[in-house]
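As a plain string of letters, each chain reads:
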Amino acid sequence: MAPRFAFGSRVSYSPPPRPRHAPGSSKDLTKMRMSQYFLPTLKETPAEAQIVSHRLMLRAGLIRQTSAGIYAWLPLGLRVLRNIERIVREEQDASGAQEVLMPTIQSADLWRESGRYDAYGPEMLRIKDRHEREMLYGPTNEEMITVLFRDGVKSYRDLPRNLYHIQWKFRDEVRPRFGVMRGREFLMKDNYSFDIDKEGARRSYNKMFVAYLRTFARMGLKAIPMRADTGPIGGDLSHEFIVLADTGESAVFCHRGLVDKDILSREIDYDSDLQPIVNEWTSLYAATDEMHDKAAFEKIPEGDRLAARGIEVGHIFYFGTKYSAPMNAIVTGPNGDSVNVEMGSYGIGVSRLVGGIIEASHDEAGIVWPETVAPFKVALLNLKPDDATVSAACQKLYDALGASGQVLYDDRDLRPGAKFADMDLIGIPWQVIVGPKGLVAGKAEVKNRKTGQREELAFDDVVPRLA
RNA sequence: CGGGGCGUAGCGCAGUCUGGUAGCGCGUCUGCCUUGGGCGCAGAAGGUCGUCGGUUCAAAUCCGGCCGCCCCGACCA
């Protein structure tokens, strides 16, 4: 029973780059055995799923549909969702925004104040409570946050403020589709900035602009900010962040140079003037279909023109006093006069991102998770679980990998082929493969899901390699 | 909201035209076998045929209402 090799005591590795405990949980979730995991994978594609991310999310056991455009998140999918949330939260906090949590259910009266209750139309899910009071399931939170702010802040000295929350929303889409990318119920990060004047609002806007660049980059996405329609307010303070993917919902046009720009290698000081960074990203042409300026696009050298399709994953928007005026969100200015606060709102489609990332990162065999959002960093495959020696070796690796990161262990009594297929499908970035063949030489195979590259490593070297 | 399609076992589907004891593949369960890319053999379980009504000796099949889901378009984070 005792393994013919020893490792563990000599192993050293750097501290884990990620928290060992899943956010919101006290239970150690760095290790999971597939024999105990609720992970219903599908060999065949359910008929209702058309696009690749939807198919893969169903097949890989991430979600199940419960109604049109409404989904339940299974353990593996929830881990991805939480990872995305975590990155969003970290970048919001870093930018100086503060987290709150507003309810999903709102009162109709609140929306009557802004005049949007009648204006919003059938996309708003309207409900009544037992007293026949009109309520609604929030599609967004401008009204609510404006009231919270109005009641809590009275002086320009308390500005600026930027409040965000990550909460489920509901929009009763006429035609939900594309799985979680256009569901009716969706998880969204939205925040709202409050400033005393337009210049302040622009600073707040710029912070979000940079925070968004960082947020999407950390998820392994190429998200390009594109000038968006500002409607009656005008100006240049509205951008959609678009992920390029062949299956994108809309046509987009941009300068190729934007694709390779890197934000993560820079030090960002949110107290400094961020305008130069914003200029750097907005000076190159980029527009969605609706905003496309053919003439401007054709001024770009032909080799640098990029016409592609994209998925909107974020939207930032300055809207001035659109809500603060009708809802009387007023502060006293430095001169003692009353000023309507200047507001902006900023959204990230958190649940949509799960689909968006898959659209941007998959292959024939399944999902290819970027490491930062992957449900587990490492998969451990035991190719012969009823062989005591193989299993003992796996158990040691399992414990060591779990101590340094996050590992999903396939200890099921299945044929190797089934395990390979499942692991490729669910897309864990690293696979550690242990079977009788390699064991004779004291080696495990480490496979990179994305590149397919394989390395034979001595058992002792596996954990340091993946640290 | 306009146009189209679908609803039969957990998943993928046949059967409906031409009414007559509900089938196939995968998955699941049991046993054997096998173990480096969804292996093989034997056996088994599992279905109010979306739902309500009508026609008929007899309805998955024909007729009507309703419900649900998907696709194209218009719309949208």
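Now for a quick tour of the structure.

So, how was this worked out
- Residues numbered from 1 in each chain as written.
- Chains lettered and ligands numbered in written order.
- Predicted model: local features only at pLDDT ≥ 70, side-chain atom pairs only at ≥ 80, totals over all residues.
- Heavy atoms only, no water.
- Near = heavy atom within 4 Å.
- Polar contact = N/O pair within 3.5 Å; in protein donor to acceptor, adjacent residues only side chain to side chain.
- Helix = DSSP H or I, 4+ residues; strand = E, 2+ residues; numbered from the N terminus.
- 1 Å grid on protein atoms, 1.4 Å probe; cavity = no way out; pocket = protein on both sides within 12 Å on 5 of 7 lines; lining within 4 Å.
- Points joined across faces, edges and corners; volume = space filled by probe spheres on them.
- Nonpolar A, V, L, I, M, F, W, Y, C, P; charged D, E, K, R; others polar.
- Pairing = 2+ DSSP bridges.
- Axes fitted to C-alpha atoms, helices over the stretch in contact; angles between N-to-C directions.
- Buried < 20%, exposed > 50% of the residue type's maximum accessible area, 1.4 Å probe, protein only.
- Contact = heavy atoms within 4.5 Å.

## Brief notes about the protein's contact with RNA strand B
So, point 1. RNA strand B sits among 41 residues. The nearest are Ala47, Arg175, Arg415, Asp424 and Glu445.
So, point 2. Counting only the atoms of RNA strand B that lie within 4 Å of the protein, the sugar and phosphate share comes to 45%.
So, point 3. For RNA strand B, a sugar or linking oxygen lies 3.2 Å from a polar atom in the side chain of Gln65.
So, point 4. Going through the elements one at a time, β2 (63–67), β14 (305–320), α11 (416–426), α12 (436–440) and β23 (443–448) are the ones with two or more residues in the surface near RNA strand B.
So, point 5. Looking at the surface near RNA strand B element by element, the count peaks at seven residues for α11.

## So, the layout of surface pockets
It is a probe the size of a water molecule, rolled over the atoms, that shows where empty space is left.
So, point 1. What the largest pocket holds in volume is close to 1,200 Å³.
So, point 2. Along the wall of the largest pocket there are 40 residues; nearest its centre are Tyr120, Arg171, Met188, Glu312 and His315.
So, point 3. Contributions of two or more residues to the lining of the largest pocket are made by β9 (185–195), β11 (238–244), β14, β17 (342–349) and α9 (350–360).
So, point 4. By residue number, the principal contributor to the lining of the largest pocket is β14, which donates six residues.
So, point 5. Looking at the lining of the largest pocket residue by residue, the class counts come to 15 nonpolar, 11 polar and 14 charged.

## Overview of the sheet that holds strand β5 (residues 105–107)
So, point 1. Ordered by their spatial adjacency, three strands build an open sheet running β5-β7-β6, and the pairing between neighbours is antiparallel. Unpaired on one side and paired on the other, β5 and β6 (125–128) mark the two borders of the sheet. Taken pair by pair, the neighbouring strands of this sheet meet at an average axis angle of 40°, ignoring direction.
So, point 2. Inspection of the sheet shows β6 paired to strand β7 (residues 134–137) by four bridges, in the antiparallel sense. The residue bridging Ile127 from the neighbouring strand is Met135, located in β7.

## Overview of the side chain of His239
So, point 1. Note that His239 resides in strand β11.
So, point 2. A relative accessible area of 6% means that His239 is categorised as buried.
So, point 3. Side chain to side chain, His239 and Tyr205 meet in a polar contact 2.6 Å long.
So, point 4. Other than its neighbours up to four places away in sequence, His239 contacts Tyr205, Phe209, Pro225, Met226, Arg227, Ala228, Thr282, Gly314, His315 and Ile316.

## A look at the sheet that holds strand β24 (residues 454–458)
So, point 1. On the basis of which strands lie adjacent, the open sheet formed by six strands has the order β1-β21-β20-β22-β23-β24 and mixed pairing. The open sheet is flanked by β1 (31–33) and β24, the only strands paired with a single partner. Pairwise comparison of adjacent strand axes, ignoring direction, gives a mean angle of 20° for this sheet.
So, point 2. Taken together, the five bridges between strand β20 (residues 378–382) and strand β22 (residues 430–434) define a ladder with parallel strand orientation. Considered in β22, the bridge of Val378 is made with Trp430.
So, point 3. Contacts from α11 reach β20, β21 (407–410), β22 and β23, with the element oriented near 170° to β20.

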